[in-house]
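# Analysis of the macromolecular model
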Amino acid sequence: MRYDSTPRILSSEITDETDYLNRREFLRLAGIAAAGAVASSACQADVSGATTSDGLSRGTDLGKLEKSVLSIDDKPNSFEDITTYNNFYEFGTDKSDPHRNAKDFVTEPWTLTVAGECSKPGTYDFDELMRGSTIEERVYRLRCVEAWSMIVPWAGISMATLLKRFEPNSRANFVKYTTLYDPDQMPTQRRRILDWPYVEGLTIAEAMNPLTIMVVGLYGKVLPNQNGAPMRLMVPWKYGFKSIKSIVRIEFTEKQPLNTWQISAPHEYGFYANVNPEVDHPRWSQARERRIGTGLFAEKIPTLMFNGYAEHVAHLYDGLDLAKNF
Ligand SMILES: Nc1nc2c(c(=O)[nH]1)N[C@H]1C(S)=C(S)[C@@H](COP(=O)(O)O)O[C@H]1N2
Ligand SMILES: [Mo]
């Protein structure tokens, strides 16, 4: 794992030849670096003709990715399942809305604003943040609070590594994440069905857990818009709604932040939202789940405590009443 302790700021300050490479080439080079290959002159020759006009959601290859030991061995859902059955309310509330309505979503250029309890706040260019970051493949279970699930081969960078670059201080007890607010591009933000922009939060220990990643890809390719391009959180032991998409802001806070679904229905959705088969949703059981791709009549499978990640995260909740802190 490598990271630079000095964050590089906006690309306008950088003058080397990589300025001329576009987003997907940065990501591809990061992927190549991750695989241990040398980004040689051959590589650079290979990318010199890159243009920025052909979009990010069209399946650009990230190169060979390092396979994480934190991946599970289960067979992933199909690319089709993962990219056409989505929750991304900004682009519509039906599962089939996001892949149709997010086609022209503009994710380049993209900046991340970092604020709050840290010594390196500022506005960072996405491509600069990715440069020198190690992208790994993480095959994780995804369990939605609506009682369906999938297995997804994400490509992402360690959240702990990313956050440490901003040097959070001792008052940084929580991390608050915010999605882009842009009603011109995100049609549902013109309707008040949720309190926009979508926000989420983690404790600093949750955010720094080795399982927590910032996802930038899927199936070895640049992340499709409907899955939260250009970067989205993935916390696999929590219900899917915690894994906020298309992030533009990270704030280190002293107090526990609210999250969108908690604001919307506080007796149904809490701050923690850990997958827990023993604590039912007020309107349905959480004991079992429907695995997408197994057919409408397939039997539901048992839901696992912390979505099967107890060995990695159970210690974070020692002494916490998980029925009260749902
Ligand atoms: N900004 C934003 N992030 C979001 C959502 C959303 O509506 N808006 N939906 C959440 C829910 S409920 C789930 S289950 C996952 C779905 O991720 P996927 O579509 O990549 O499978 O995204 C989460 N992140
Ligand atoms: Mo969800």
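Conventions we followed
- Sequence order sets the numbering: in each chain, residues are counted from 1 along the sequence as written.
- Think of it this way: whatever chain is written first is A, whatever ligand is written first is 1, and the rest follow in order.
- Since the coordinates come from a predicted model, pLDDT governs what is reported: local features require at least 70, and pairs of side-chain atoms require 80 or more to be given and counted, while whole-chain, interface and lining totals use all residues.
- Think of the side-chain values as coming from all heavy atoms in the structure, minus any hydrogens and water.
- Only a single heavy atom is needed: when it lies within 4 Å of a molecule or strand, its residue is near that molecule or strand.
- Here a polar contact means two N or O atoms within 3.5 Å. Within protein one must be a hydrogen donor candidate and the other an acceptor candidate, and residues neighboring in sequence count only if both atoms are side-chain atoms.
- Each accessible area is a Shrake-Rupley estimate made with a 1.4 Å probe; only the visible protein chains count as cover when residues are assessed.
- Note: two strands are recorded as paired if DSSP finds a minimum of 2 bridges between them.
- By definition, any uninterrupted DSSP run of H or I lasting at least four residues is a helix, any uninterrupted run of E lasting at least two residues is a strand, and each is numbered from the N terminus.
- Each axis is a line fitted through C-alpha atoms, taken for helices only over the stretch in contact, and angles between the N-to-C directions span 0 to 180 degrees.
- The buried label applies to any residue whose accessible area, calculated with a 1.4 Å probe on protein chains only, is under 20% of its type's maximum; exposed applies above 50%, and partly exposed to all values in between.
- Put simply, a salt bridge is a Lys or Arg side-chain nitrogen that is within 4 Å of an Asp or Glu carboxyl oxygen.
- By nonpolar core is meant a set of buried Ala, Val, Leu, Ile, Met, Phe, Trp, Tyr and Cys residues that side-chain atoms within 4.5 Å join together.
- Between the rings of Phe, Tyr and Trp (Trp by its six-membered ring), a pair exists once the centres lie within 6.5 Å; its type follows the angle of the planes, with under 30 degrees stacked, over 60 edge-to-face, and the other angles tilted.

### Section: the site of ligand 1
Close contacts around ligand 1 come from 17 residues, with N86, Y89, E90, R232 and K245 the closest. Between ligand 1 and E90, the relevant distance is 2.8 Å, taken from a nitrogen atom to a side-chain nitrogen or oxygen of the residue. In this structure, a nitrogen atom belonging to ligand 1 sits 3.0 Å away from a main-chain N or O atom of S243. Coverage of ligand 1 by the protein chains reaches 98% of its 540 Å² of free accessible surface.

### Describing the sheet that holds strand β7 (residues 199-203)
The 5 strands are arranged β3-β2-β11-β6-β7 in an open sheet whose pairing can be described as mixed. Only two strands of the sheet have a single neighbouring strand rather than two, namely β3 (122-125) and β7. Neighbour-to-neighbour, the strand axes of this sheet turn through a mean angle of 20°, independent of strand direction. In this sheet, strand β11 (residues 247-253) lies alongside strand β6 (residues 174-179) in antiparallel orientation, the contact comprising 6 bridges. Residue pairing for β11: K176 is matched across the bridge by E251.

### Concerning the pairing of strand β4 (residues 136-143)
Burial of β4 is extensive: 8 of the 8 residues sit out of reach of the surface. Relative to strand β5 (residues 148-158), β4 runs antiparallel, the two sharing 8 bridges. Pairing of R141 across the sheet is with I151, part of β5. Hairpin geometry of β4 and β5 is characterised by an intervening segment of 4 residues between the two adjacent antiparallel strands and by a positive phi of about 75° at A147.

### A short note on the pattern of salt bridges
Close approach of charged atoms lets side chains of opposite charge pair. For the structure shown, the criterion picks out 15 salt bridges. Taking the shortest distance from any N to any O, the salt bridge between E167 and K120 comes out at 3.0 Å. Taken together, the residues span a long stretch of sequence, with E167 in the loop between α6 (159-164) and β6 and K120 in the loop between β2 (111-116) and β3 at a distance of 47 residues. A relative accessible area of 27% places K120 in the partly exposed class. Close ionic contact of K242 with E200 constitutes a salt bridge, the shortest N to O distance being 2.6 Å.

### Overview of the nonpolar core
By size, the foremost hydrophobic cluster in this structure holds 80 residues, and its most contacted members are W154, F166, Y177, I250 and F252. For this core, the leading source of residues is β5, giving 7 residues.

### Considering the packing of aromatic side chains
Applying the stated rule across the entire model yields 14 aromatic pairs. Ring centres of F88 and F91 lie 4.9 Å apart, and the angle between their planes is 85°; this geometry places the pair in the edge-to-face category. Accessibility assignment for this pair places F88 and F91 in one class, buried. For the pair Y272 and Y317, a centre-to-centre distance of 6.0 Å together with 90° between the ring planes defines the contact as edge-to-face. With Y272 in the loop between α8 (260-264) and β12 (288-291) and Y317 in the segment after α9 (310-313), this residue pair connects regions lying 45 residues apart in the sequence. Each member of the pair Y272 and Y317 is classed as buried.

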